[in-house]
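Per-entry structural report
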Amino acid sequence: MVRWLTAAAVGALATIGMTAQATRPLPSAVQPPETFFGIRIGADGELARYPRIVEYLAHLSQTSSRVKFEELGKTTMGNPYVIATISSPENLANLPRLMEINRRLTDPRGLSEAEAARLVEEGRAFYFVYGTIHSTEVGNTQSLIEIAHRLATDGGPEVKEILDNVVVLLVPSQNPDGQVLVVDHWYKTKGTSLTRVYPDLYHKYVGHDDNRDWFMFTQKETRLAVGIQNKYKPVITHDMHQKGGGARIFVPPYDDPYDPNIHPILAQEMTGVGQAMATALVAQNKAGVEFLSTYDLWAPARQYMVYHGQPRILTEIASVNLADPIVDSAPIGPQEARWNFPLPYRGTEWHLRQIVDYGNIVAFAGMAHVAKYRRAFLENFYKVHADWVNRKAAPYAFVIPEVQRDLFETYELLDILRTADVEVHKARSAFHAGSTQYAPGSWVIKLAQPNGAFAKTMLERQRYPDLRLYPGGPPKPPYDVTGHTLGMLMGVQVDQIEQPFDADLVDVTKAELRGGSTPSKPPWAYVVPPESNAAFLAVAKLQAANVPIFRAATRFTSAGRDFAPGTWIVPAVPGADRIFGAAEFAASGLPVQGAASPVSVDAYRLKPGTRIGLWRVANNMPGGWMKWLFEQYGFNHRVVASTDFAGELSSLYDTIVLPDGTTRNGIVRGLDPQRHDKAWTWAYGIGDGGWKKLADWVRGGGTLVAIGSAVETARDLLDLPIEKVLPEPSAGGRRGGSGDSATLRFYCPGSLLQNEFNPSHPVAFGMPASWPVFFESDQAYRLRPGFDIASEVVARYPAKGPILQSGWLLGEDLLRDQANVVAFRVGRGYVVTMGSQVDFRAQPRATFKLLFNAMFHGPSTRVSAAELAGLK
Ligand SMILES: [Zn+2]
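Attention here is on the structure that accompanies the text. (Residues numbered from 1 in each chain as written. Predicted model: local features only at pLDDT ≥ 70, side-chain atom pairs only at ≥ 80, totals over all residues. Heavy atoms only, no water.)

This part covers the side chain of Asp-177. Within the secondary structure, Asp-177 is located in helix H9 (residues 176–188). No salt bridge is formed by the buried Asp-177; the nearest opposite charge belongs to Lys-220, separated by 8.2 Å. Discounting residues that sit within four places of it in the chain, Asp-177 has contacts with Thr-75, Thr-76, Met-77, Gly-78, Asn-79, Tyr-202 and Glu-221. (Helix = DSSP H or I, 4+ residues; strand = E, 2+ residues; numbered from the N terminus. Buried < 20%, exposed > 50% of the residue type's maximum accessible area, 1.4 Å probe, protein only. Lys, Arg positive; Asp, Glu negative; His and termini not counted. Salt bridge = Lys/Arg side-chain N within 4 Å of Asp/Glu carboxyl O. Contact = heavy atoms within 4.5 Å.)

Below you can see the structure in the form of structure tokens.
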């Protein structure tokens, strides 16, 4: 076959295929990968490195008129994020017009059927393909080198058909930082007894969760990829992954549940493309393809494209040991053929080269299929968007009232919608919708718009179907979480309106979303209500500027106005004037007010420069997310290192936070020094001596905050008087293995659950009386009687009324009246445990305050009203 001719022959063929319009050097100058990289791509134990891959794509663009190369920006760690645009020279020359056609097809308002048909005829299908968002899944990036080379040089009819009909948007790595970390570590440890696989997060902050960020858009790489989506508007996205054992490759269609927000045309296209891939594999005797299993399409955190008119093609190829082969004594994977697994793999070995081959085959099968059915793909792209634009079904819209507890997070929510190309309107005058009168300035998100699918998915409540392994049997685990209602996550009131209404609306651009005014300097102090997260942005800056910060211990009145417990009181010193006067705070919507004279209330004085320790066990994703979060807020923090235990902890930290996933074993044992060199000293264990030292530090006055599964660690450390109330799966990870009997009694694999808060308690300052928390296979607690440790419940599950707000929950009654957040006095120290993940993937912003309050309150000191009055 043409594909495996020598490089020279391929080059010659490609030259024949060239048109007279090409002005740049002919593809015969293209170096094949083997020459350029000095290794055979896919050879056991060898991996092409990312910087060289970037150079290779640039080389292809210099030597082939089919390739354009562009660096779109820098990654989190400063590596180039690049894209190669590959098509026929004619299509590349016509790129602006082709992009305009895509844009027009995605917004069919005012477009006649006849015009649409003409655009479909003139348009080209954009195929966005990327690999290795998960950096230990190294094979796909190696594949993409060969895919780019073949597209740039092959003169055969299959590639010609692709180039004529398709514009390929090729991103060799969706996480270049991880590619560099993992491959460099692989070579650095070659021939040693050290662990070969990179032992920490392969994205600086979020590790494997970089593929759980497709609606919150927190990370640079996510924003770069969404930028490609919004700029080019591809008709399809192919997301290349690797998996563990079992079948050799997964291709669509997907497993249940079906998400009704995904247009049925897209469901059919996913099946069509996936099956073209499966057929190509089987036809080339590449065994072990499976479909209709394991992978569902529920959580938008994993998939931007399906709410933007495109099929998502997920391919998951079985991994090797990074680049080393798997050699077994028996045939690998299931050996019985099924309708969704027609050709079992009989081999006993599995090599990197096979991953590269499978990757090449599915990518070319996908591109060839879309090329062959170019018209249908463009027409369906148009139809999906037209169906949303012409939508008549309820609900009609979502309304976001202008008066909110936290205007800062309201702006953040609206920013997310605009980033996802959702239209946001603002009312110029008051209006009625449903049974409610809304004030001018309220925001309206109509669902009859091109990307209404994204808006609906993110703003409505999820009702996850009750899927069982068999009737009456244990729940069937979802692939990811089941609830993601954005307003609940972010603490923003969002009203669903069923029927059409009239309002005087204007379109709001991203730049126009935020608004606020700069406060005038008050004679005595700035007074800030406790509801907005933006106050914590101010805390970090005020502490850095050495400005004292106080919080009212109780409710109080000032100049006839009522202020809630936890209201911030900051003396009007020059540092405070500068910080609150900055444009940044005006735009944050933080309602900064002033007091002309001292207010009469007891208060807590925050410890100046509160020193926060973040326990980040190697490769713990919640710890990585928290690192990102602390940097966003600018908190004075550092990662706790094993070497800290050589000295006094109290000289380093006021507060230490244990994120979800921080176990006693992770703390005491840590990374094995025999298998990890000195660069990993920070993550070595602290031993039993260190464990005792940590407990002594708390009893001596330290503040410890534990979240999710780390509550067990804190309980163990200090013998806290609480006990678990929910049954735990015996095996198969925290969501439970399929069929675990514990999941029959209680199951909650990622949902929003109602909590009640005590907003008079310093840990719940600024919280409403009730709001949902995020719960992902977490725990609830009951207090155990004891004499030594005083405990107070800060948040609990309600005694009556519905607990499930969005997602899936079995065994609601087990949560009734049980504790979630508890604060303890342990000796002179302070401990707060949060059973549910209040910070999950930096998404539930409504509950960030619980964490932040706890971190700063523990080390604070109480001052009397008289002392507060003399604060200047
Ligand atoms: Zn993956």
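There is more to say, and it comes next.
What follows concerns the sheet that holds strand S5 (residues 236–243). Two orientations exist for strands paired in a sheet by backbone hydrogen bonds: parallel and antiparallel. Across the sheet, which stays open at both edges, the eight strands sit in the order S1-S2-S4-S3-S5-S8-S6-S7 with mixed pairing between neighbours. Strands at the two margins of the open sheet, each flanked by one partner only, are strand S1 (67–74) and strand S7 (289–290). Pairing analysis gives three bridges linking strand S2 (residues 80–86) to strand S4 (residues 166–171), with the strands arranged antiparallel. Bridge pairing in S4 places Thr-85 opposite Leu-169. Against the sheet, helix H3 (residues 50–63) makes contact with S1, S2 and S4, and its axis sits at roughly 140 degrees relative to S1, the strand it touches most. (Pairing = 2+ DSSP bridges. Axes fitted to C-alpha atoms, helices over the stretch in contact; angles between N-to-C directions.)

Below, the discussion takes up helix H14 (residues 407–419). Spanning 13 residues, H14 covers 18 Å between terminal C-alpha atoms, matching the ideal 18 Å at 1.5 Å per step. Among all positions of H14, only Phe-408, Glu-409, Thr-410, Tyr-411, Leu-413, Leu-414, Asp-415, Ile-416, Leu-417, Arg-418 and Thr-419 are buried. A distance of 3.1 Å separates the backbone nitrogen of Phe-408 from a side-chain oxygen at the start of H14, and that oxygen is part of Asp-406. Among the residues trailing H14, Asp-421 stands out with phi positive, at a value near 65 degrees. (Expected span 1.5 Å × (residues − 1). Polar contact = N/O pair within 3.5 Å; in protein donor to acceptor, adjacent residues only side chain to side chain.)

A separate point is the coordination of the zinc ion. Looking at the zinc ion, one finds its protein donor set to be His-134 (ND1), Glu-137 (OE), Glu-137 (OE) and His-241 (ND1), positioned 2.1 to 2.4 Å from the metal centre. Metal-centred angles of 55 to 149 degrees between the four donor atoms at the zinc ion mark the site as irregular. Motif for the zinc ion, donor spacing along one chain: H-x2-E-x103-H. Note that His-134 is positioned in the loop between strand S3 (125–131) and helix H7 (139–153) and His-241 in strand S5, a separation of 107 residues in sequence. Taking relative accessible area as the criterion, His-134 reaches 3% and is therefore assigned buried. The class for His-241 is buried, based on a relative accessible area of 2%. (Donors = N, O, S within 2.8 Å, 3.2 Å for Na, K, Ca; no water. Tetrahedral: all angles 85-135°; square planar, octahedral: opposite > 155°, others 65-115°.)

Our next topic: the environment of Trp-691. Along the polypeptide, Trp-691 turns up in helix H22 (residues 687–699). The sequence separation of Trp-691 and Phe-645 amounts to 46 residues, and the corresponding C-alpha distance is 9.5 Å.

Once that is clear, we can look at the pairing of strand S28 (residues 703–707). Counting buried positions along S28 gives five out of five residues, so the element sits mostly inside the fold. Covered by surrounding structure in S28 are Thr-703, Val-705 and Ile-707 together with Leu-704 and Ala-706, the residues of both alternating faces. Bridge count between S28 and strand S36 (residues 829–834): five bridges; the pairing is parallel. Its bridge partner lying in S36, Ala-706 is registered against Thr-833.

As enumerated under the stated definition, the model contains 40 aromatic pairs in all. Residues Phe-630 and Phe-635 carry aromatic rings whose centres are separated by 5.7 Å and whose planes lie at 65 degrees to one another, so their mutual orientation is edge-to-face. Residue Phe-635 is classed as buried on the basis of its relative accessible area of 5%. The side chain of Arg-150 reaches across the aromatic face of Phe-364, ending 4.2 Å from its centre. Across the ring face of Trp-568, the terminal group of Arg-551 is positioned such that the distance to the ring centre comes to 3.7 Å. (Phe/Tyr/Trp six-rings, centres within 6.5 Å; stacked < 30°, edge-to-face > 60°. Lys NZ or Arg CZ within 6 Å of the ring centre and 35° of its normal.)

The linkage connecting Pro-252 with the following residue, Pro-253, adopts the cis geometry, with an omega of 10 degrees. The topology assignment puts Pro-253 in the loop between strand S6 (249–250) and helix H11 (264–283). Omega for the peptide link from Ala-394 to Pro-395 comes to -5 degrees, which places this bond in the cis form. Along the chain, the position of Pro-395 falls in the loop between helix H13 (374–389) and strand S11 (397–400). Non-glycine residue Asn-619 carries a positive phi angle of around 70 degrees. Relative to the helices and strands, Asn-619 is located in the loop between strand S25 (612–614) and helix H20 (621–633). With a phi angle near 55 degrees, Arg-841 is a residue other than glycine that sits in the positive phi range. Here Arg-841 lies in the loop between S36 and helix H25 (848–857).

So, about the pattern of salt bridges. Under the counting rule described, the total for this entry stands at 55 salt bridges. A salt bridge links Asp-154 to Arg-150, with the nearest nitrogen and oxygen atoms 2.7 Å apart. Of the residues examined, Asp-154 reaches a relative accessible area of 4% and is grouped as buried. Note on Arg-150: relative accessible area 11%, which makes it buried.

We now examine the side chain of Lys-849. One can find Lys-849 in helix H25. Comment: no salt bridge for buried Lys-849; closest opposite-charge side chain is Asp-406, at 4.3 Å. Dropping the residues within four chain positions of it, Lys-849 is found in contact with Asp-406, Pro-530, Glu-531, Asn-533, Phe-536, Val-763, Phe-765, Gly-766 and Met-767.

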